[in-house]
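Chain by chain, the residues:
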Amino acid sequence: MPTRGGPQHALITIRLDRWNRPEPDLLATTAPYDPSRTFYSPEETLLVVEVVSPESAHRDSNVKLRKYAEAGIANYWRVEDEHGSPVVHAYELDGPTRSYVPTGIHRHELRTTTPYAIKIDLDGLVPGRKS
């Protein structure tokens, strides 16, 4: 259904429990694509990515980090601005403690095999920047 700003997009959330359905900036799931879905369960979610803004800094760095870990989501990435370039803080779930442990801070390039092999030129994401 079109709106004044263009096509309407469904909000995709992660249903952590009865009272918590955060809307991540990006997520990767094991579920097949279904345009009618509005949420995924933590069991279906491989990775959650939050892009930090001044308004979301505390929530993304503390609240969501804890809630996603407690729900059992295996991987969490937080993307921050550092002097005009994106920096990715990567975390992996420690199952026994149900908390995240940092696995790396990626500047200029994100290269990892967890939760799957990926290579991203972070500087290339910013117009006018070269790696």
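Scroll up for the structure.
Scope of this entry: the structure provided in the associated data block. (Residues numbered from 1 in each chain as written. Predicted model: local features only at pLDDT ≥ 70, side-chain atom pairs only at ≥ 80, totals over all residues. Heavy atoms only, no water.)

1. Notes on the overall build of the protein chain
Note the following rule: Runs of H or I in DSSP of at least four residues are treated as helices and runs of E of at least two as strands, each being numbered from the N terminus. Here the globule rule is a power law, 2.2 Å times the number of residues to the power 0.38, and the radius of gyration is based on C-alpha atoms. Only protein chains enter the accessibility calculation, which uses a 1.4 Å probe; a residue is then buried when its area is under 20% of its type maximum, exposed when over 50%, and partly exposed in between. Note on areas: Shrake-Rupley with a 1.4 Å probe; residue coverage comes only from the protein chains shown.
From N to C terminus, the protein chain includes one helix and 11 strands. Each helix and strand of the protein chain, placed in order from N terminus to C terminus, yields the pattern β-β-β-β-β-β-α-β-β-β-β-β. For 131 residues, the compact-globule estimate of 2.2 N^0.38 gives 14 Å, and the protein chain sits close to it at 16 Å. The principal-axis extents of the C-alpha atoms in the protein chain amount to approximately 50 × 40 × 30 Å. Expressed as a percentage of its 131 residues, the buried residues of the protein chain come to 35%. Accessible surface, the protein chain: about 8500 Å² in total, of which carbon and sulfur atoms supply 54%.

2. Considering the environment of Asp121
Put simply, the test is: Two N or O atoms count as a polar contact when they lie within 3.5 Å, although within protein this holds only if one can serve as hydrogen donor and the other as acceptor, and sequence-adjacent residues are included solely when both atoms are side-chain atoms.
Structurally, Asp121 is set in strand E11 (residues 118-121). On the basis of relative accessible area, Asp121 is assigned to the partly exposed category, the value being 36%. Measuring from C-alpha to C-alpha, the distance between Asp121 and Val63 comes to 28 Å, with 58 residues separating the pair along the chain. For Asp121, the side chain forms a polar contact with the main-chain nitrogen of Asp123, separated by 3.3 Å. A polar atom in the side chain of Asp121 sits 3.1 Å from the backbone nitrogen of Gly124.

3. Quick notes on the side chain of Asp123
For Asp123, the position within the fold is in the segment after E11. One polar contact links Asp123 to Ser85, side chain to side chain, over a distance of 3.4 Å.

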